[in-house]
Amino acid sequence: MRLKRTVATVATLAIITICFGIYLTMDLAIFPNRKTSIQQEFQDNKWLHFEGRLKQLEKDLNKNHDAVGEIKQAIRHILPSSTENSNKIVKTIEEPMGMPAPISEMIFDSSCPIKVTYPPRNDIQMLEMYKDMKFDNPDGGVWKQGWNININENMWNKHHKLKVFVVPHSHNDPGWIKTFEEYYDSQTRNILNNMVDKLPEDPRRKFIWAEISYFSMWWKDLPAHKRDVVKKLIKSNQLEIVTGGWVMNDEANSHWISIANQLYEGHQWLHMNLNYTPVSSWSIDPFGMSATQPVLLKEIGLKNMLIQRVHYSVKKQLASQKDLEFKWRQLWDGTGETEIFTHMMPFYSYDIPHTCGPDPKICCQFDFRRLPNHGLNCPWRIRPQPITDANVQERSITLLDQYRKKSQLYKTNVVLAPLGDDFRYDHSVEWDVQYNNYQKLFDYMNSNRNLHVQAQFGTLTDYFNAVKAEKKLSEFSSLSGDFFTYADRDDHYWSGYYTSRPFYKRMDRILLYYIRSAEILLSLAHISGKPGSKWIAHKENGLDTIMTEARQALALFQHHDGVTGTAKDAVVNDYGQKMLDAILKCQNVVQRCTNLLLDGLGADNQASETIFYNVDDLRQKQDSLPEQYTITIGSEVSVKKVVIYNALTFNRHETVSFLVSTPFVEVLGYNDKRIPCQIAPIFEHLASMSQSKYKVSFVVNIPALSLVRYIINAINENEMPMESSLSTVQIYNLQADVEAPKGFENVDISLSPSEFTIQNARVTASFSEMGLLKAMRIGHQTYPVHLDFAKYGVQQQAERSGAYLFLPNGQATPLAASNTVVKVITGPIYSSVSVKIPYVQHTVTLFNTTGADSLGLEIENIVDIKETNNFELVMRFSTKINSTNEYFTDLNGYQVLRRKRFKKLPLQANYYPIPTGAYIEDSDTRLTLLTGSPGGGASLRSGEIEVMLDRRLMQDDNRGLGQGVVDNRPTRNIFRLLLERKTHKCQTTSDNHPSGFHTISAHVALETMMNPLMRMLRTDDNDVTSQTGYTPITTEFGVDMGLSSLKTGVILDNKEYLGMILHRKYLDICFSDRVLLKQFPLSDGTVNISGILPPSVANSKINRAPLTFLSIQESVDVQKKIPICPMDTKAFLLHR
Ligand SMILES: [Zn+2]
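Residues numbered from 1 in each chain as written. Predicted model: local features only at pLDDT ≥ 70, side-chain atom pairs only at ≥ 80, totals over all residues. Heavy atoms only, no water.

- As recorded in an unreviewed UniProt entry, the protein chain goes by the name Alpha-mannosidase, listed as coming from Nicrophorus vespilloides.
- Taken directly from UniProt, the Sequence similarities (unreviewed entry) text for the protein chain runs: "Belongs to the glycosyl hydrolase 38 family." (UniProt positions renumbered as here; feature names shortened; annotations may be inferred.)

Below is the structure:
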């Protein structure tokens, strides 16, 4: 056997040698040199690159499969010998000829909760419920959206009393009508100051607080004796911190890593300052509830959650079944492991008129802030009266009647009556009137035994504990699905805020990318053991403080008036400035850590203000579009060193582009050997080309979590090597001359429009004479894929679209465009098509790599609708895919849900959040649209998918904002569009399973779009000390397994740790072939954490932890493979 293998290896090596010759001539990619200083893994990576290029050989040489198979097999045999310590993805399946095959299925333990081969076996499935519901809106009487609730007073007796918990609260938006700081100064500070004075007056008083952004701000200036009072209030259970997030996050547009991050910021603060761990979550104002929130709260260790803004018909339906309290579980969860106990509030609002019972006219009379002379009224025209001996009996019985009616909607004999509203309790007199009057009512109720009630102030967890004491969890229904799209009344669906203020929604994703990337680099620098690694992450004076500030800016924007785009213009600008500052901070952390990891001069000098690298993403103002540096090189200074950073845990083989001052350049890769590059002109207006700016693009090869240096050299015009290619430029439909710069004199200008195609090895895209996509070819089959832009107007009624609401005046109408000038750039690295149509500068690019950027089309829209009125712009794709009335959209980038278009619902109700992507499919084909920023969208006809790009609305929509949305600015959106063919008869989930899952291609295309390769320009090109690359990894996880977060400075019990969050996706493998599985290998279901850490810490102690690192759990062997279930998120603490 051994002898045979040796012979085979020698033979195949001979074939390889021949092939190398051909390969080198074709590609001029350079075989790795063993004598280089960079780590061994790095070289392996080059081998992988070589292996990848073999696929090209496969095609071009038209060899038969067996021969190529032998070559590949030989390389596989060579690979392990050079990677003895590496732990490449384990091959589990041996093919008949003995050739190792890539893993072609999701491997996981049978105890994992994921079960998708049968429909969810829970009591309530939201999509099924939607199919059955009528969505009529009959007048329910005093409870307008419900029914008349009748009670039987005999239900209660002395052994069976009604238990009432009145929970005082104040809802503090960290920015909305005023900025975060303005609210704090004018209201929130007073509320919290009053709390410290007023709660201790009576030990029976209770209060809950949610927003730690405000709480921490207040704490800073709080004298020590008052801090002690707060600690006592918490200890005595008079004050409960609910959720404990930095903010009460939006659930439609937010990315799950940002949600985890905002919870982390709040929880870390609570741990360090109050040694406090929250138990229950309180989410009363976000506009629709995501199924991602419960799974994250569960992983954090919370026991209960409360939600409020859910479609009124859904509330009524659940109330009619006494299912407003349920165990919320994930769609894919077949075991109930993800369940968390959830209370849904039954009525219209969280204000006092809608929380004591079904009749707001009555409840309003028990909001004592509305007593005369306090500046507030009851719209139902009956005001509260102060409670006196004379009226206490009548008042108590009137209020008790509401409590009793409310209790009929739930399974237990416990009633929750929240008592608060926006920015309440800001005057000390409000504390007096609310607490004193209620105490009189409680005293009366409790002392009159024939009323059979026990009423009191309570915290949220007091209420949940009482519920759980009365009924076992098994007696509650389980529910799966989400609560989008929210309607509070009539056809008022809140699907407008999915898109409002798209400029800042995009900025949110950029900042998330920077924070994640910077945190990882800072962690790697910290544990690298290199000079400077001690100070760099120091908690007080290292870069960790900067990262905390940056995280808090992103956390603040997760507020339900932040990323939602529903704040006043000035507040939006304030968020923008905070995010821009945070981006700049992250860029600084990135460049300093890069210098340290590459052993640059000055890395150990803490005081140094030197900028070692400029991150190639210039942002002049908070509201300006990002720009790239123009690298000025020529005869005087000819060399520019650049460094590329890959923040993902898989190898990247993708295109990067820089702007340079000359078209005559060469690019040197690893080992200073020339690599292919493509140079293109930059169009400035219509079709005029810049004479001083060009784009140079090349394909880099960056291992996981690594930094690699490349060099761009200016050269003489007549010395252009064959690796440097000037793009071919074609311009259609242009009636003018073009003054072309040197190198592009041969631009092909055509007066008449024409249809044309661009292609790479995987995809061919055809375009109309307007320059818009009309078809895609994959394999040997062509599929129509029509792209167009369309607009919605507003309905001509009193109620019109605004920041929250989408109330369109019918279907969208296509935007007319004619005589568009179409610019087509082609070359060996990429091809692109650009058109300027009304309101949109639209560019489609097809990359010619073996990386994730080549899997589909990249679409860039620069949208500007400030010249319009009441105008909502969408991009649509129309295909022949038989998707019927179904489509799939994601939640928070965490999971994908099946949606159904219902005729019984208005158009705006069929709009769903698309925070990262959507797809449609039939038995043969899937079309996936991945989005670089959140937006609303839908499939409004079979085979169609649309996403909204921007909206400009001239009026307020009566939800308190008091303005329209008219601060539109030029906004860059990016998308990736993938068309994939399904393996015949392959099925990932059971028919009609409410879960969807991205394909491997869609997953890697999304991850790489969200985390683009970071480009950095060396400021000192004469520096010769820096290494040419840095890579910490010895093992790659597999693309389904991701490092969501790796942060320094996690504090637990006064010790400092590195916090790590790993997340594994379940992927739909029915769209993968062998080539794809080799390019993007799947994991074997386990991770070896030491494999992504430098050897210096590969033996560190590691413990499991909840998601916000508030406790230390079982220890984990860092060298062992840790199984992680698909769709699971696991946190770890690394001891320092
Ligand atoms: Zn709010």
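There is more to say, and it comes next.
### Looking at empty space enclosed by the protein
Alright, step 1. Counted under the stated rule, the structure contains 17 cavities of 30 Å³ or more.
Alright, step 2. Surrounding the largest cavity, 25 residues form its lining, Ile257, His1003, Glu1007, Asn1011 and Ser1044 being those nearest its centre.
Alright, step 3. For the lining of the largest cavity, the class distribution of residues is eleven nonpolar, nine polar and five charged.
Alright, step 4. The calculated volume of the second largest cavity comes to roughly 130 Å³.
Alright, step 5. Residue lining of the second largest cavity: 15 residues in total, with Met126, Leu127, Asp482, Arg898 and Arg899 positioned closest to the centre.
Alright, step 6. Listing elements by their share of the lining of the second largest cavity, those giving two or more residues are helix H4 (126–132) and strand S35 (895–900). (1 Å grid on protein atoms, 1.4 Å probe; cavity = no way out; pocket = protein on both sides within 12 Å on 5 of 7 lines; lining within 4 Å. Points joined across faces, edges and corners; volume = space filled by probe spheres on them. Nonpolar A, V, L, I, M, F, W, Y, C, P; charged D, E, K, R; others polar. Helix = DSSP H or I, 4+ residues; strand = E, 2+ residues; numbered from the N terminus.)

### Some words on the state of the cysteines
Alright, step 1. Inspection of every chain in the model, using the stated rule, returns four disulfides.
Alright, step 2. Disulfide pairing is shown between Cys356 and Cys363; the S-S distance is 2.0 Å. Judged by the sign of its S-S torsion, about -90°, the cystine formed by Cys356 and Cys363 is left-handed. Comparing Cys356 with Cys363 shows no difference in burial state: the two are buried.
Alright, step 3. Put simply, Cys986 and Cys1070 are joined by a disulfide, and their sulfur atoms are 2.0 Å apart. (Disulfide = S-S within 2.5 Å. Buried < 20%, exposed > 50% of the residue type's maximum accessible area, 1.4 Å probe, protein only.)

### Considerations on the sheet that holds strand S45 (residues 1041–1052)
Alright, step 1. Spatially, the five strands line up as an open sheet ordered S45-S46-S51-S48-S49, and their pairing is antiparallel. The two strands at the open ends of the sheet, each matched to only one other strand, are S45 and strand S49 (1115–1116).
Alright, step 2. Note that strand S48 (residues 1102–1105) and strand S51 (residues 1129–1135) share four bridges and pair antiparallel. Paired with Ala1105 across the strands is Ala1131, a residue of S51.
Alright, step 3. Against the sheet, helix H15 (residues 502–527) contacts S45 and strand S46 (1055–1064), and its axis sits at roughly 65° relative to S45. (Pairing = 2+ DSSP bridges. Contact = heavy atoms within 4.5 Å. Axes fitted to C-alpha atoms, helices over the stretch in contact; angles between N-to-C directions.)

### Examining helix H19 (residues 1000–1010)
Alright, step 1. By the criterion of burial, H19 is predominantly enclosed, with ten of the eleven residues buried.
Alright, step 2. Residues Ile1000, Ser1001, Ala1002, His1003, Val1004, Ala1005, Leu1006, Thr1008, Met1009 and Met1010 constitute the buried set of H19.
Alright, step 3. As for H19, its buried residues are in contact with H15, strand S38 (925–931), strand S41 (971–981) and helix H20 (1074–1079).

### Quick word on the coordination of the zinc ion
Alright, step 1. Surrounding the zinc ion are the protein donor atoms His171 (NE2), Asp173 (OD), Asp285 (OD) and His560 (NE2), at 2.0 to 2.1 Å.
Alright, step 2. One can describe the donor arrangement at the zinc ion as irregular, given that its four donor atoms subtend angles of 91 to 163° at the metal. (Donors = N, O, S within 2.8 Å, 3.2 Å for Na, K, Ca; no water. Tetrahedral: all angles 85-135°; square planar, octahedral: opposite > 155°, others 65-115°.)

### Here's the deal with the pairing of strand S22 (residues 728–732)
Alright, step 1. Pairing of S22 with strand S29 (residues 822–826), which is carried by five bridges, proceeds in the antiparallel orientation. Counted as the bridge partner of Ile731 is Lys823 from S29.
Alright, step 2. Inspection of the sheet shows S22 paired to strand S23 (residues 748–750) by three bridges, in the parallel sense. Across the sheet, Ile731 pairs through a bridge with Ile749, a residue of S23.

### Regarding the packing of helix H8 (residues 256–274) against helix H9 (residues 292–300)
Alright, step 1. Close contact between H8 and H9 brings their axes to 11 Å; oriented N to C, the two are set at 40°. Classed by the angle they form, the pair H8 and H9 counts as oblique. Taken as a pair, H8 and H9 cross one another with a handedness that is right-handed. Seen from H8, the contacting residues are Trp256, Ile259, Leu263 and His267; seen from H9, they are Thr292, Gln293, Leu296, Leu297 and Ile300. (Parallel < 35°, antiparallel > 145°, perpendicular 65-115°, else oblique. Left-handed = near helix turned anticlockwise from the far one by under 90°.)

### Brief notes about unusual backbone geometry
Alright, step 1. In this model, Phe484 is joined to Thr485 through a cis peptide bond whose omega is 0°.
Alright, step 2. By the secondary structure assignment, Thr485 is in the loop between strand S11 (477–480) and H15.
Alright, step 3. A positive phi angle, near 55°, is found at Lys322, a position not held by glycine.
Alright, step 4. Assignment of secondary structure puts Lys322 in the loop between helix H10 (312–320) and strand S7 (325–329).
Alright, step 5. With a phi angle near 65°, Asn1054 is a residue other than glycine that sits in the positive phi range.
Alright, step 6. Mapped onto the secondary structure, Asn1054 falls in the loop between S45 and S46.
Alright, step 7. By relative accessible area, Asn1054 is classed as exposed at 77%.

### Structural notes on the UniProt feature "domain: Glycoside hydrolase family 38 central" (unreviewed entry) in the protein chain
Alright, step 1. In this structure's numbering, the residues bearing the UniProt feature "domain: Glycoside hydrolase family 38 central" (unreviewed entry) are residues 492–579.
Alright, step 2. Each end of residues 492–579 is marked by a C-alpha atom, and these two atoms are 31 Å apart; helix forms 62% of the span and strand 0%.

### Things to note about the environment of Gly602
Alright, step 1. Positionally, Gly602 belongs in the loop between helix H18 (569–597) and strand S12 (613–615).
Alright, step 2. Note on Gly602: relative accessible area 28%, which makes it partly exposed.
Alright, step 3. Distance from Gly602 to Ile307, taken between C-alpha atoms, is 52 Å for residues 295 residues apart in sequence.
Alright, step 4. In this structure, Gly602 is in contact with Asn595 and Phe612, ignoring residues within four places of it in sequence.

### Overview of the environment of Ala518
Alright, step 1. Following the sequence through the fold, Ala518 ends up in helix H15.
Alright, step 2. Between the C-alpha atom of Ala518 and that of Thr292, which follows or precedes it by 226 residues, the distance is 25 Å.
Alright, step 3. With residues up to four places along the chain from it excluded, the contact list for Ala518 reads Met547, Cys586, Val589 and Val590.

### Points about the packing of aromatic side chains
Alright, step 1. The final tally for this structure, using the stated rule, is 54 aromatic pairs.
Alright, step 2. Seen from their ring centres, Phe108 and Tyr1066 are 6.1 Å apart, and the 70° between their planes marks the pair as edge-to-face. Highlighted residues: Phe108 in the loop between helix H3 (65–82) and strand S1 (124–125) and Tyr1066 in the loop between S46 and H20, separated in sequence by 958 residues.
Alright, step 3. Look at Phe108 and you get partly exposed, because its relative accessible area is 31%.
Alright, step 4. The exposure class assigned to Tyr1066 is buried, which follows from its relative accessible area of 11%.
Alright, step 5. An angle of 75° between the planes, with centres 4.9 Å apart, marks the rings of Phe341 and Phe476 as edge-to-face. On the criterion of sequence distance, the pair formed by Phe341 in strand S8 (residues 340–344) and Phe476 in the loop between helix H14 (460–470) and S11 is long-range, its members being 135 residues apart.
Alright, step 6. By way of ring pairs, the aromatic residues Phe207, Trp209, Phe366, Phe368, Tyr425, Trp431, Tyr435, Tyr438, Phe442 and Phe457 are connected into one cluster.
Alright, step 7. Above the plane of the ring of Phe902 lies Lys904, whose end atom (NZ or CZ) is 4.9 Å from the centre. (Phe/Tyr/Trp six-rings, centres within 6.5 Å; stacked < 30°, edge-to-face > 60°. Lys NZ or Arg CZ within 6 Å of the ring centre and 35° of its normal.)

### Brief notes about the sheet that holds S41
Alright, step 1. Taking strand neighbours across the sheet as the criterion, the twelve strands line up as S23-S22-S29-S30-S31-S32-S41-S38-S37-S34-S35-S42 in an open arrangement whose pairing is mixed. At either end of the open sheet lies a strand with only one pairing partner, and these are S23 and strand S42 (995–996).
Alright, step 2. As paired strands, strand S31 (residues 840–847) and strand S32 (residues 857–863) are joined by six bridges and run antiparallel to one another. The partner of Val840 across the bridge, within S32, is Val863.

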